[in-house]
Amino acid sequence: MFMKFLMALLAFLLPALAEAADITGVAKVREGDTVQIGNTRVRLGGIDAPSVDQLCLNSKGERWTCGVAARDELIKRADNKVWTCHGRQTDRRGRTVARCEVDGEDIQKWMVTNGWALAYARFSRDYEADEKAAREAKAGMWAGAFIAPWDWRARNKNTVIMGATKPPDTAKAILLASASGSVAPSPECTIKGNVNRSGECIYHQPSSRWYAKIEMRISKGTRWFCSVDEAEAAGCRETRR
């Protein structure tokens, strides 16, 4: 009887122990808040960085690829270095959500302090003070105007414009339309997503039959994606033609 109880207890605890295990190794940066260590994709917990398709406005009101910049800054700081990540859970995209250190430095704290990511207060309040410091210093994205990464993924007319610079009157229109503009926001973000007559989101890679015929206009519910993973995470499926 005791052995059955012990076996049941171990069966309950082992997944939790495995989930909490540290992940250590050389990391390849994929986005400002996502890296890969071996075969494990790691989502940096407690922060939210702009996706590589996200556009912001600089201090002069000009568009710039802040998502690409955030990724590249993390690459310069920590790509191909040994990371130690303390796993917490797995998100719906199969990534391990973790708190990570590089050369003893809290890399999430570094990203937020330098204005390349925001504190993801919906899930953690660990980096709120660092975000406040970045905002006051006008660091990174805070030097201009931008949309919070979580709003970028689901933007609408109520989306708030953030940043230290007083945005031009056209800022909201510019930023809301960015992902649906006629030109891809960056050379890496060339997958087109549109909504069909049934309300289903479909994504088209450049090689697809209908790719050239899809007009990218926000009024039609279109948007650019930077990867198949991103398109599918947004609930889209690949075109069958």
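First, a word on scope: everything that follows refers to the structure included in this document. Bear in mind that the values here come from a model prediction, so they are computed numbers and not experimental data. (Residues numbered from 1 in each chain as written. Predicted model: local features only at pLDDT ≥ 70, side-chain atom pairs only at ≥ 80, totals over all residues. Heavy atoms only, no water.)

## Some remarks on helix H2 (residues 66-78)
Turning to step 1, where the next piece is worked out: Along its 13 residues, H2 runs 18 Å from first to last C-alpha, staying within 8% of the 18 Å computed at 1.5 Å per residue.
Turning to step 2, where the next piece is worked out: Within the span of H2, buried status applies to Cys-66, Gly-67, Val-68, Ala-69, Ala-70, Arg-71, Leu-74 and Ala-78.
Turning to step 3, where the next piece is worked out: Looking one or two residues past H2, Asn-80 carries a phi angle of roughly 65°, positive in sign. (Helix = DSSP H or I, 4+ residues; strand = E, 2+ residues; numbered from the N terminus. Expected span 1.5 Å × (residues − 1). Buried < 20%, exposed > 50% of the residue type's maximum accessible area, 1.4 Å probe, protein only.)

## Describing the packing of aromatic side chains
Turning to step 1, where the next piece is worked out: Evaluation of the coordinates by the stated rule reveals 4 aromatic pairs.
Turning to step 2, where the next piece is worked out: Judged by centre distance (6.2 Å) and plane angle (75°), the ring pair of Trp-64 and Trp-116 falls under edge-to-face. Pair noted here: Trp-64 is in strand S6 (residues 63-64) and Trp-116 is in the loop between helix H3 (107-113) and strand S10 (118-119), with a separation of 52 residues, a long-range link.
Turning to step 3, where the next piece is worked out: Taking relative accessible area as the criterion, Trp-64 reaches 24% and is therefore assigned partly exposed. (Phe/Tyr/Trp six-rings, centres within 6.5 Å; stacked < 30°, edge-to-face > 60°.)

## A few points about the pattern of salt bridges
Turning to step 1, where the next piece is worked out: Counted under the stated rule, the structure contains 17 salt bridges.
Turning to step 2, where the next piece is worked out: Lys-76 serves as the salt-bridge partner of Glu-73, at 3.0 Å between the closest nitrogen and oxygen. Pair noted here: Glu-73 and Lys-76 are both in helix H2, with a separation of 3 residues, about one helical turn.
Turning to step 3, where the next piece is worked out: For Lys-76, a relative accessible area of 63% translates into the label exposed.
Turning to step 4, where the next piece is worked out: Arg-135 serves as the salt-bridge partner of Glu-131, at 3.8 Å between the closest nitrogen and oxygen. Residue Glu-131 and its partner Arg-135 are located together in helix H4 (residues 128-137), separated by 4 residues, close to a single helical turn.
Turning to step 5, where the next piece is worked out: What emerges from the salt-bridge pattern is a single network uniting Arg-88, Arg-99, Asp-106 and Asp-126. (Salt bridge = Lys/Arg side-chain N within 4 Å of Asp/Glu carboxyl O.)

## Brief notes about H4
Turning to step 1, where the next piece is worked out: Turning to H4, its buried residues number three or more, namely Asp-130, Glu-131 and Ala-134. Buried residues of H4 fall within an arc of 100° about the axis and therefore sit on the same side. Exposed residues on H4 whose side chains face more than 90 degrees from its buried face are Ala-129 and Glu-136.
Turning to step 2, where the next piece is worked out: Buried-residue contacts for H4 involve H3 and S10. (Arc of directions from axis to C-beta. Contact = heavy atoms within 4.5 Å.)

## Thoughts on the side chain of Arg-71
Turning to step 1, where the next piece is worked out: Within the secondary structure, Arg-71 is located in helix H2.
Turning to step 2, where the next piece is worked out: Non-local contacts of Arg-71, meaning those with residues more than four positions away in its chain, are made with Val-29, Arg-30, Glu-31, Gly-32, Val-52 and Glu-188.

## Some thoughts on the sheet that holds strand S13 (residues 191-195)
Turning to step 1, where the next piece is worked out: The 4 strands lie next to each other as S15-S13-S14-S16, forming an open sheet whose pairing is mixed. Taken across any chain shown, the strands that pair with only one partner, and hence form the sheet edges, are strand S15 (223-225) and strand S16 (237-238). (Pairing = 2+ DSSP bridges.)

## Points about the nonpolar core
Turning to step 1, where the next piece is worked out: If you look at the biggest cluster of nonpolar residues, it comprises 26 residues, and the most contacted ones within it are Val-42, Leu-74, Trp-83 and Ile-107.
Turning to step 2, where the next piece is worked out: When residues of this core are traced back to their parent elements, those giving at least two are strand S1 (22-31), strand S2 (34-37), strand S3 (40-44), H2, strand S7 (82-90), strand S8 (96-102) and H3.
Turning to step 3, where the next piece is worked out: With sequence-adjacent residues up to four places away left out, Leu-74 is seen in contact with Val-29, Glu-31, Gly-32, Val-35, Leu-44, Asp-79, Trp-83, Ile-107 and Met-111.
Turning to step 4, where the next piece is worked out: Counting residues in hydrophobic clusters, the runner-up holds 9 residues, among them Cys-66, Leu-118, Phe-146 and Ala-148. (Core = buried A, V, L, I, M, F, W, Y, C linked by side-chain atoms within 4.5 Å.)

Such coordinate-based values are descriptive only and should not be taken to indicate function.
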